[in-house]
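Observations on the model geometry
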Amino acid sequence: MYEQGVCTLTEREWAEAKQRNEIIGGLAKRNVVGGLAAKEAAAQLGLQVRQVYKLISRYKVGTGLVTDLVCSRSGGGKGKSRIEPAVELIISEVIKTRYLSRQKISKAVITREIRMRCRQAGHRTPSYSTIESRINNLDPMIVARKRLGGNATRRLQSAAGRTPESAGPLDFVQIDHTKMDVIVVDEASREPIGRPSLTLAIDVYTRCIVGMLLTLEAPSALSVALCLVHVVTDKSAWLERLELETVMWPMHGKPRKIHVDNAPEFKSEALKRGCEQYGIERDYRPKKQPHFGGIIERVIGTAMTMAHEVPGTTFSNTEQRGTYKSEARAILTLGELEKWLVLAIGTYHGSVHGSLSETPAAVWQRSVQSCAVTQIADKQAFLVDFLPVIRRSITRTGFVIDHIAYFNDTLKPWIARRDKLEKFIIRRDPRDLSRVWVLDPETKLYFEIPYRSIFRPPVTLWEHRAAMEKLRSRGREQVNETAIFGLIEQMREITDNAAKERKRARRDRNRRGHIGKSDKELELTVPCDEVKEISTVKPFEVEEWDDLPELAVPDDEDLENCKITPYEVEEW
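None of the values given here were measured: they were computed from a predicted structure.

The next thing to look at is the overall build of the protein. Helix and strand content of the protein: 21 helices and 13 strands. Evaluated residue by residue, the protein yields a buried proportion of 37% over its 572 residues. Within the protein, contacts between residues separated by at least 24 positions form 62% of all contacts whose residues are at least 6 apart in sequence. Surface exposure of the protein reaches about 37,300 Å², of which carbon and sulfur atoms provide 51%.

See the structure below:
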C-alpha cells in the first residue's frame, strides 16, 4: 500500500493541497471552463493558466482526494549516474578488490586509488562524496562479511527461532557460565585475587533462578554438576549456613530437560552419563547462535548490571570503567560476594517480571500446586554421578591417580583378582583429592577410598597441578607423592606466612605512626638550653611511716629448733 502523503506532507504543503482541492474541484464540475474562470483560479493559486487546466484534468481522473492535487516535485537526476561509464567501472573494481577485504582499507585510501587510476586512464576524477555514496549504497551484509568476517553479520540478521516451549516448572532449564564483573579479595590478606566464575540455572516456565555456583575455578564439568546439585537440593540448610535465613528460595527439584551451549564442559562424559542416569534430557543450542539461549543470557546480563554497583567492579568494558581502579577498590571476599548474589536473586524473585506481569516467586508457588516437581532422594549419590570420570587399573598398592595412591581394605579382594578385572570407573572431586569413589563392577555400588597415606592433608586439584608443574620445572624425571605433598605444604606455608607478615607489617606501621604522632602532640623532649638552667634536682616525694611495730627476728638457735609444717597439697 502506497503512502499518499497524509503523514509525510508538511503543514504548508497540506494547506496548499486543500486550497487546490476546493478551487479546482469547483471548476472540474463545470462542463466548460472558460478563460476568465481559469485566470481567476490561477491568480488565487499563484499558478499559470495552463497549470490550472492540467490540475483540472488530474482532478477528473483522480479519486477526489486532497492528495490528488499535491504539487509534484522534480526528481532531477536522483538515482541516475552523471559520470562516465568508464569511471563507474573503475570505481566498482577498486571497491570490490580493495575496499571489500579483511585489510579494512579506509574510504580516503580508496578515493586516492580511484582518482589515480582515472588520471592514468585520462578520465575526469570523481569527488570524494561520489565515491562515498557508492560505498554507502553497498549491501551491509556483504560489507560485514568481506571486511569483518561471518560472525560480524550475526547482529545484522533477524533473530530466528522462538522461546522454547515449557509445560510447567522445571520442565525446561537453561544453564550458562560467565565471568563476574567484580574482583574479589583474599580472606586473610584482603589482596585482590581475581574475578570469579558464575554458573546460573533458570527455569524457563517460571523465570525463577533455580541454581547457582560461584567459584574461582574455570568453568568445567564439575561446575555444571555442582550447579545441578544446587538445583535439586533444598536450599534452606545452605541459606542457614550463609546466615541468610530470612531469604526465601524454595525453588528446587529435578529438571526434565536442560538447555546448554556447545562448550566442552557441557559435553563431558560425566554430564552425559549423569543426565542419562536420572532421566534429564540435554538440549544444545545451535552453534554460533547465542540468541537461542536468550533467557539465561538476559538474566546473566541483569546480574552483571547489578554487580556494577559493587566496589571493585570491572564494568563491562574498559570504556565504561574509565579511570576507575577496580583492584584498589575491591573489598568483597568470595563468600561475601556469594551472599550478595543470594540477596540479589531474592530481590529478582520478588520483582514483577516483564514477560510474566507478576513476580517469578508467585508464578512458582502457583505452578507447583498444580504440577508436582520431581525430587532427588540421595543428594550425595547425585553429586557422585556427576563428578568427572577416571578409568584406572588396580595394582598391589591400590589405585594411583596423578602420582597419588589410594587404598583401604575394601580393595583387597579386587587386588587378588586384578589380572582378570578391567579398568575401574573412579569418580574424583577436584575440590578435595583426599578421597575417590570407586565403582564395584559387580554390585554397582560406589566405595569411598581414602589416601593410602592417611596423614596427608586434603588438597585441591589446582594445588596438585601447581606442585607438579614446579617439580617438572626443576627438571625431575619422576614425580612422586612425597615430593608433591611436600611442595604443597611449602606453598601453603608461604601463603600463610605472607598473610601473617602483611598483618605484622601493618600492625608495626600503625604502631610507629601512633608513636610519631604522640611525640609531636606531647613534646616530651627537653631542649639542651633548658637543661643547663636547672641547678638542683628535687628528689621524689615519698611517704615516711612512723610508729611501726617492732618485729621480733629469731636467732639462729631458734631457727634450728623451729619446725616448719609444710603446706598440705593434693596428690594426683
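The strand order across the open sheet formed by 4 strands is 8-11-12-13, and the pairing between neighbours is antiparallel. Each edge of the sheet is formed by a strand with only one pairing partner; in this case those strands are strand 8 (389-392) and strand 13 (446-450). Averaged over all pairs of adjacent strands, the angle between their axes in this sheet comes to 35 degrees, without regard to strand direction. In terms of strand pairing, strand 12 (residues 435-439) meets strand 13 through 5 bridges, oriented antiparallel. Residue pairing for strand 13: Arg435 is matched across the bridge by Pro450. Contacting strand 11 (424-428), strand 12 and strand 13, helix 16 (residues 379-386) runs over the sheet at an angle of about 110 degrees to strand 11.

In this section: unusual backbone geometry. For Glu243, which is not glycine, the phi dihedral falls at a positive 60 degrees. Positive phi is not limited to glycine here, since Lys444 has a value of about 60 degrees. By the element assignment, Lys444 lies in the loop between strand 12 and strand 13.

Attention now goes to the nonpolar core. Burial of nonpolar side chains together is a common tendency in soluble globular proteins. Within the largest apolar cluster, 65 residues are counted, with the highest numbers of intra-cluster contacts made by Met180, Met212, Trp249, Val342 and Phe382. The element contributing the most residues to this core is helix 8 (residues 221-232), with 9 residues. Setting aside its immediate chain neighbours within four residues, Met180 contacts Arg195, Pro196, Leu198, Leu214, Met304, Ala307, Leu337 and Leu341. By size, the runner-up hydrophobic cluster in this structure holds 27 residues, among which are Ile404, Phe407, Ile449 and Ile488.

Below, the discussion takes up the sheet that holds strand 6 (residues 257-260). Pairing between the strands of a sheet is mediated by backbone hydrogen bonds and can be parallel or antiparallel. Ordered in space as 5-4-1-6-7, the 5 strands form an open sheet in which the pairing is mixed. Only two strands of the sheet have a single partner each, and these edge strands are strand 5 (209-215) and strand 7 (281-284). Here the strands of the sheet are splayed against their neighbours by 20 degrees on average, with no regard to which way each runs. One ladder, built from 6 bridges, connects strand 4 (residues 197-203) with strand 5; its direction is antiparallel. Bridge pairing in strand 5 links Thr199 to Leu213. Against the sheet, helix 8 engages strand 1 (173-179), strand 4, strand 5 and strand 6, with an angle of about 140 degrees to strand 5.

A word on helix 8. With 12 residues, helix 8 ought to run about 16 Å at 1.5 Å a step, and its terminal C-alpha atoms sit 17 Å apart, in line with that. Of all the 12 residues making up helix 8, 12 are buried; the element is thus mostly covered by neighbouring parts of the structure. Regarding helix 8, the residues found buried are Ala221, Leu222, Ser223, Val224, Ala225, Leu226, Cys227, Leu228, Val229, His230, Val231 and Val232.

Next up on the list: the packing of helix 1 (residues 11-28) against helix 2 (residues 35-45). Two elements in contact, helix 1 and helix 2, have axes whose closest approach is 11 Å; the angle formed by their N-to-C orientations is 180 degrees. Here helix 1 is positioned roughly antiparallel relative to helix 2, judged by the angle of their axes. Residues Gln19, Arg20, Ile23, Ile24 and Leu27 of helix 1 lie in contact with helix 2, whose contacting residues are Ala37, Ala41, Gln44 and Leu45. When the residues that make up the contact of helix 1 with helix 2 are grouped by side-chain class, the tally is 6 nonpolar, 2 polar and 1 charged.

Here we take up the environment of Cys118. One can find Cys118 in helix 5 (residues 107-121). Of the residues examined, Cys118 reaches a relative accessible area of 0% and is grouped as buried. In this structure, the C-alpha to C-alpha distance between Cys118 and Ile90, residues 28 residues apart in sequence, is 7.4 Å. Here Cys118 is in contact with Val87, Ile90, His123, Arg124, Thr125 and Pro126, once residues within four sequence places are set aside.

Tallying each qualifying case throughout the model produces 9 aromatic pairs. For the pair Tyr278 and Phe386, a centre-to-centre distance of 6.3 Å together with 15 degrees between the ring planes defines the contact as stacked. In this pair, Tyr278 sits in the loop between helix 10 (269-277) and strand 7 while Phe386 sits in helix 16, placing the two residues 108 residues apart along the sequence. Since its relative accessible area comes to 1%, Phe386 is described here as buried. Measuring from centroid to centroid gives 5.3 Å for Phe399 and Phe424, while their planes differ by 75 degrees, and the two rings are edge-to-face. Taken together, the positions of Phe399 in strand 9 (residues 399-401) and Phe424 in strand 11 put the pair 25 residues apart, joining distant regions of the chain. Its relative accessible area of 2% is what places Phe424 among the buried residues. Three or more aromatic residues joined by ring pairs make a cluster, and in this case those are Phe399, Trp414, Phe424 and Phe447. Over the aromatic face of Tyr99 sits the side chain of Arg147, whose NZ or CZ is 4.1 Å from the ring centroid.

Across the interface, helix 8 lies against helix 16 with an axial gap of 9 Å and an inter-helix angle of 155 degrees. For the element pair helix 8 / helix 16, the angle class is roughly antiparallel. You can see that helix 8 and helix 16 cross each other, and the crossing is right-handed. Contacts from Ala225, Leu226, Leu228, Val229 and Val232 in helix 8 reach Lys379, Phe382, Leu383 and Phe386 in helix 16.

This part takes up helix 15 (residues 360-370). Within the span of helix 15, buried status applies to Pro360, Val363, Trp364 and Ser367. All buried residues of helix 15 lie within an arc of 100 degrees about the axis, which places them on one face of the element. Facing away from the buried side of helix 15 by more than 90 degrees, the exposed set consists of Gln365 and Gln369. Residues of helix 15 that are buried sit in contact with strand 4, strand 5 and helix 14 (334-349).

What counts, and where the lines are drawn
Residues numbered from 1 in each chain as written. Predicted model: local features only at pLDDT ≥ 70, side-chain atom pairs only at ≥ 80, totals over all residues. Heavy atoms only, no water. Helix = DSSP H or I, 4+ residues; strand = E, 2+ residues; numbered from the N terminus. Buried < 20%, exposed > 50% of the residue type's maximum accessible area, 1.4 Å probe, protein only. Contact = heavy atoms within 4.5 Å. Areas by Shrake-Rupley, 256 points an atom, 1.4 Å probe, with all protein chains shown as cover. Pairing = 2+ DSSP bridges. Axes fitted to C-alpha atoms, helices over the stretch in contact; angles between N-to-C directions. Core = buried A, V, L, I, M, F, W, Y, C linked by side-chain atoms within 4.5 Å. Expected span 1.5 Å × (residues − 1). Parallel < 35°, antiparallel > 145°, perpendicular 65-115°, else oblique. Nonpolar A, V, L, I, M, F, W, Y, C, P; charged D, E, K, R; others polar. Phe/Tyr/Trp six-rings, centres within 6.5 Å; stacked < 30°, edge-to-face > 60°. Lys NZ or Arg CZ within 6 Å of the ring centre and 35° of its normal. Left-handed = near helix turned anticlockwise from the far one by under 90°. Arc of directions from axis to C-beta.

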